[in-house]
Amino acid sequence: GNTVRVRANKEKMYLQFKSHIEKNGYTTVSKEFSKKLETLPYCIDSKILFELTGVRYPDVFLLGFLVTDRIICTLNSKIQIMLDKNTYLGCLDHEIEIEYTCEESELQEALKILKKYKVEISGEREIISKSCRFAQKYYNDLKYVIPKDG
């Protein structure tokens, strides 16, 4: 799937497009595109998405806000562990994310640290991304706002 978001860090905003290329257990490989923005648009035009990715997509509209407070633990130049607190649509959730640019065998160092603190690690259970949790909550809440016909 694809995720379109605007990420704000201090005084800068970036339009980001994330395309999930491959998923294997608890590992997801993504290709990301980014472009600096001056203002937060309600609609991101398909032309802008094409300029950014080289692929044609329909216009994208702002659905709401997801705020992430993040603590980054850097193990080495190739491995980071992120501890996230996410707030969106009246929800609060937490997640641990590992980003790495090393071989899978080197990743075992990070996994050992998490296991030491009794963090369950399993590639057997499907993990729902924060963007999917946001969308599920958005569309679930929408059911109660829009009356059904008949």
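Refer to the structure above for everything that follows.
All of these numbers come straight from a predicted model, not from anything done at the bench. (Residues numbered from 1 in each chain as written. Predicted model: local features only at pLDDT ≥ 70, side-chain atom pairs only at ≥ 80, totals over all residues. Heavy atoms only, no water.)

(A) Main features of the overall build of the chain. Looking only at helices and strands, the chain features three helices and eight strands. In sequence order, the chain lays out its α and β elements as β-β-β-β-α-β-β-β-β-α-α. Based on the C-alpha atoms only, the size of the chain along its principal axes is roughly 55 × 40 × 30 Å. Buried positions account for 20% of the 150 residues belonging to the chain. Of all intrachain contacts in the chain linking residues separated by at least 6 positions in sequence, the fraction that spans at least 24 positions is 32%. (Helix = DSSP H or I, 4+ residues; strand = E, 2+ residues; numbered from the N terminus. Buried < 20%, exposed > 50% of the residue type's maximum accessible area, 1.4 Å probe, protein only. Contact = heavy atoms within 4.5 Å.)

(B) Representation of the sheet that holds strand S6 (residues 66-76) within the structure. With antiparallel pairing, three strands are arranged side by side in an open sheet as S6-S7-S8. A single partner strand is all that each edge strand has here, and the edge strands are S6 and strand S8 (91-100). Each strand of the sheet is rotated relative to its neighbour by a mean of 15°, with strand direction disregarded. Running at roughly 140° to S8, helix H2 (residues 104-116) makes contact with S6, strand S7 (79-88) and S8 of the sheet. (Pairing = 2+ DSSP bridges. Axes fitted to C-alpha atoms, helices over the stretch in contact; angles between N-to-C directions.)

(C) Seen up close, the packing of aromatic side chains. Scanning the entire structure with this criterion turns up five aromatic pairs. On the numbers, 5.0 Å between centres and 90° between planes, the contact of Tyr138 with Tyr139 is edge-to-face. The exposure class of Tyr138 is partly exposed, given its relative accessible area of 21%. Sitting over the face of the ring of Phe50, Arg56 holds its NZ or CZ atom 4.2 Å from the ring centroid. (Phe/Tyr/Trp six-rings, centres within 6.5 Å; stacked < 30°, edge-to-face > 60°. Lys NZ or Arg CZ within 6 Å of the ring centre and 35° of its normal.)

The quantities given are spatial measurements derived from coordinates; they are silent on function.
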